[in-house]
Each structure stands twice: as structure tokens, then as C-alpha cells.
Amino acid sequence: MKHIDIATVLQDKTLLGSKVTVCGWVRTSRDSAAVAFLELTDGTSFSRLQVVVDKSSLSLDPECTKCGASVAATGVVVKAFKGDGAELNAESVTLLGRCPNDYPIQKKRTTLEFLRGIPHLRLRTNMFSAVFRVRSVAAQAIHRYFHENRFYYIHTPLITASDCEGAGEMFRVTTQPWNAAYDSEEAYYKEDFFGQKAGLSVSGQLEGEVAAMALGRIYTFGPSFRAENSNTTRHLAEFWHVEPEIAFAELPEVMEVAEDMIKYVVRAVLEECPAEMDFFERFVENGLKAKLSNIVESSFAVLDYTDAIELLKKADVKFQFPVEWGCDLQTEHEKYITEQVYRKPVFVVNYPKEIKSFYMKQNADGKTVAATDLLVPGIGEIIGGSEREADPDKLLAAMQARGMDLASYEQYLDLRKFGTAPHGGFGLGFDRFVMYVTGMENIRDVVLFPRTVKNIM
Ligand code: ATP
Ligand code: MN
């Protein structure tokens, strides 16, 4: 059907006075004997288009006034009665699809909880359509940032035999019948599709390193899968993962890219989604826009893990998890550091080697690794990164200390055998990033169909 976007009608001043056709869904309507007003949205903009129907010259199907009905309207674009926008003086309104009264998305305010039960319809609310426009703009900006900085976009496999040790529990990929019986685990997997145990990748990093050691700078942007058996507001079983990997980079350069990328994408969202950001500011997080402008303008803090522990020990707060050098930082600790102390993003650096992965570069102190997590207010960790261990002997020792099966990492070890070089990278949880820029507090509300423990609607 030939028509133009409502966003175009609202923004393009040259259309004033011309006749156009728009298509959309009715959000609200006011109907009187002489005139009817339909507010239409087609998803292209936050603002809706008001369609004015003069009932003395046009007979309007009452179904066209129902919330949720889809219609096509043809008419002349005129200056809006209020404000400096545009509206449409209808010459014809055609019903495309009726919407009965049990439509669950009504004007009255509902809860996010209720909307989670109707993931196929919730995008039609102001809030969710705004979240997904911002999500798209942020994703495009990430690609643009990397492209402009000569990072090559790599597609790493989703089905894998390695489990990127330490990153989380893996989902199994199998074609075995549910009642397959075998004498041993080995015999069982031998009969399986790949002839060995396989699963969904928790991270593309190890393959990303392969590409970085040939192309210099690369990134991946795709789904990762983790069988996280925890019901939190920031964990999904299937999430979108941005993982750059940079050859010849040490930890400070990895952090520089992370900070630069975040600022670039935040700036893009502020510039490209002003109406959405105004909405989030008003209805989701008071102070959101100032928070984000601040991000763009100031430097992120850097805090050594050892100093973080001191800071937490001195804190005037009762933590649920006790703090000792060597412990992993819990969400409550991360939030204290970034929300109470710094009130901005903080890179925590140089974690104890025991709580981090085998591939991280061992520092000269023999106790810590050149790893960093980026913590942000409201969420905690959104990035985990490190310089990678480039020394073959040290890497081997770290793997042996963890009792890893060296045979299955032969290719990874080859990267250190043939022309090894310093390199590093990080993983950004894209869904967590979308939470951060929209102010949404539950990760289930920034993905189309969230997959979490016991939930695959
Ligand atoms: P956390 O400690 O929060 O569980 P992690 O340390 O296991 O995260 P990493 O392995 O460092 O996570 O992964 C890099 C990034 O990917 C994290 O900083 C986070 O933003 C994101 N991420 C990790 N697991 C999940 C998940 N289950 N759902 C959504 N995002 C995730
Ligand atoms: Mn991490």
C-alpha cells in the first residue's frame, strides 16, 4: 500500500499543504457528532499523528475509532492546531483491521509485570516501542563506531565444543533421543550429532582472538547463551554480546576503547532519540538525561581491585556478602562503588587471578591479572575485559593449575606458538547497556522475548 511514514509527515515541513496517505494503529480517539480525532502511530516516531475527520463531509466507520484498530488515512497535511507540528485533515479513512474490546493494551496504565505476560503485544505501548527504537539506534551506533575505527565485524560460531572456561554454564546441543541409553558418557556423546559433547557458546572471545591475530582489530556482535540458574534483573539465558578484540593492545588501550565506544553510543542515542529520552526521563528514570550527558563529558573512574576492597571494608554499610581480598565482587559491592562513592562508571582493574579466567594476562605481582570490569550505577557490571596472556609458558601453567584439558585448546595455544603478541578485548552485555541508557530496571523489559530460567514464552 503506497503511503508515507508518520515520522516524515510530522517532521518534513515541505509536506504542509500536500495530500498524503498514512497507515497506522489508532492509539486514542475522540468522537463527537460533528468531528472525530484519531491519534495514529505507525511505529516510526514517538509522537503520533492527529487525524481530523469532519463528519459532515465524511462518514466514519465507528470501528476506525477503536483503540488498536489499523487504518489507512488520506488527506491534506496542515499545521497542527496546537504546537508547531502537523496534523492530517482526512478525506478518507479506511479500516484495515478491526480491534475488538478485549485488546489488552488499553490507555489506562498497566504494570510492566502484566505486560511481560503479553510479549507479543507490549511493543505497542509507548514505553516498549521507545525501548526498541533506542535499542536499534544503539546497535547501529555500535557497528558504526567499530567500522569507523577499522574493527572488522566477525561472525563466530554459536555451536561450540569449547566452553570458554569460567564464563558460565553451557546449554547442550544434541540430537540424541530423550531415552538414549549408553554405557558411558563418552559413548553417549560419540553417537551424538558432532560425535562429541557440544553446546551453545557463552562467548565468542576465543574465536575472536583467532581473528584479531590476523586482522588486527575485530569485534563480534551476536547472541551468547548462559544457563544461569539465577533469577536476577540483569541475567538472561540468551543475551546479545559485543566483543571487540585488539591485537597489540595492553589493558589501558582496551579500557580506552571501551570508554570511547560507550560515549559514542550514548551520544548517538541522545542525538537520534530525543523524544524517547524525554519520555524515559519523565516516566522511567528521573535525571537520566543529565546522567548520560555527564557520561559523555567526563572521564570514567579507574579503581584498583585492592583499593576497592579497602573502600568496601571501610564502608558504613552492612553487606550481605562479607568482603575480603580475594573475594569476587557481588552486585551489592559493585553498586556501592559506582552509586555511592563515584556516582559514575568505574573500571575496577587487576583482580586476583583465582577469581578470573585462565586466559587473562598475569601481572608481575604474581597475584593479580590485567582484567577489568566496568561498573555503572543502577546495574553493576556491564563490561568484563582483560589483556590476554600472550606468553605460552604462563598460559600453559595457568591452564594446568586449573586442571584443564589441554588437548581441546590446541588451536588456542597455537596462537601463542606462532607469532604471539600482546592483545586484549572485552565483552559488553548489550541488553544491560540498553537498560543503562533507557533507565529500565529489568533486563526482561529490553528484549523482545526474554529467555530466563523456567521461562521461554
Ligand atoms: P555477571 O558477573 O554479571 O554474571 P559475568 O562476569 O559472568 O557477568 P562476563 O563473562 O564478563 O559476565 O561477560 C561479559 C558481559 O556480558 C558482562 O559484563 C555482562 O554485561 C554480559 N552478561 C554476562 N552474562 C549475562 C547474562 N546472563 N545476561 C545478560 N548479560 C550478560
Ligand atoms: Mn565479568
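Before any of the text, the structure's been laid out above.
Each chain has its residues counted from 1, running along the sequence as written. Ligands are numbered from 1 and chains lettered from A, in the order in which they are written. Local features are withheld for residues below a pLDDT of 70 in this predicted model, meaning they are given only at 70 or higher, and side-chain atom pairs are given and counted only at 80 or more; totals for whole chains, interfaces and linings count all residues. Hydrogens and water molecules were not included; the side-chain quantities draw on all heavy atoms of the structure.

Strand pairing in a sheet relies on backbone hydrogen bonds. The paired strands run either parallel or antiparallel. Pairing is mixed across the open sheet formed by eight strands, whose spatial order is E6-E9-E10-E15-E14-E13-E12-E11. On the outer flanks of this sheet lie strand E6 (152–153) and strand E11 (301–304), each paired with one strand and no other. Relative to strand E10 (residues 238–247), strand E9 (residues 217–225) runs antiparallel, the two being bridged by nine bridges. Within E10, the position partnered with Arg-217 by the bridge is Ile-246. Contacts: residue pairs with any heavy atoms within 4.5 Å of one another. Angular values range over 0 to 180 degrees, each being the angle between N-to-C directions of two axes fitted as lines to C-alpha atoms, with helices fitted over their stretch in contact. Strands here are runs of E lasting at least two residues and helices are runs of H or I lasting at least four, both read from the DSSP assignment and numbered beginning at the N terminus. Its contacts with the sheet put helix H5 (residues 205–215) on E6, E9, E10 and strand E15 (423–429), and the angle it makes with E10 is roughly 30 degrees. Note on pairing: DSSP must find at least two bridges between two strands before they are called paired.

For each residue, the test is whether any non-hydrogen atom lies within 4 Å of the molecule or strand; if one does, the residue is near. Taken together, 15 residues sit near ligand 1, with His-235, Leu-236, Glu-381, Ile-382 and Arg-432 positioned nearest. Note that a nitrogen atom of ligand 1 is positioned 3.1 Å from one of the side-chain N or O atoms of Glu-228. Think of a polar contact as two N or O atoms within 3.5 Å of one another; within protein, one of them needs to be a possible hydrogen donor and the other a possible acceptor, and neighboring residues in sequence only count if both atoms come from side chains. Within the backbone of Ile-383, an N or O atom sits 3.4 Å from an oxygen atom of ligand 1. In this description, accessible areas are obtained by the Shrake-Rupley approach with a 1.4 Å probe, and a residue is regarded as covered only by the protein chains that are shown. Burial of ligand 1 by the protein amounts to 83% of the accessible area it has alone, namely 580 Å². When contributions to the shell around ligand 1 are tallied by element, the ones reaching two or more residues are E10, strand E14 (380–387) and E15. It is E14 that contributes the most residues to the shell around ligand 1, four residues altogether. The class makeup of the residues in the shell around ligand 1 is five nonpolar, five polar and five charged. For this scheme, ten residues count as nonpolar: Ala, Val, Leu, Ile, Met, Phe, Trp, Tyr, Cys and Pro. Four count as charged, namely Asp, Glu, Lys and Arg, and the remainder, Gly too, count as polar.

Next up on the list: the pattern of salt bridges. The working definition used for a salt bridge is a side-chain nitrogen of Lys or Arg within 4 Å of a carboxyl oxygen of Asp or Glu. Within this structure, the stated rule accounts for 19 salt bridges. Where Asp-431 meets Arg-135, a salt bridge forms, and the shortest distance between an N and an O atom there is 2.8 Å. Here the residue Asp-431 occupies a position in helix H13 (residues 430–438), and Arg-135 occupies one in helix H3 (residues 126–148), the gap between them amounting to 296 residues. The class for Arg-135 is buried, based on a relative accessible area of 13%. Between Arg-416 and Glu-209 there is a salt bridge, and its shortest N-O distance comes to 3.1 Å. Burial classes follow relative accessibility: with a 1.4 Å probe on protein chains only, a residue under 20% of its type's maximum area counts as buried, one over 50% as exposed, and anything between as partly exposed.

Fair warning: the whole summary comes from geometry, so function is off the table for now.
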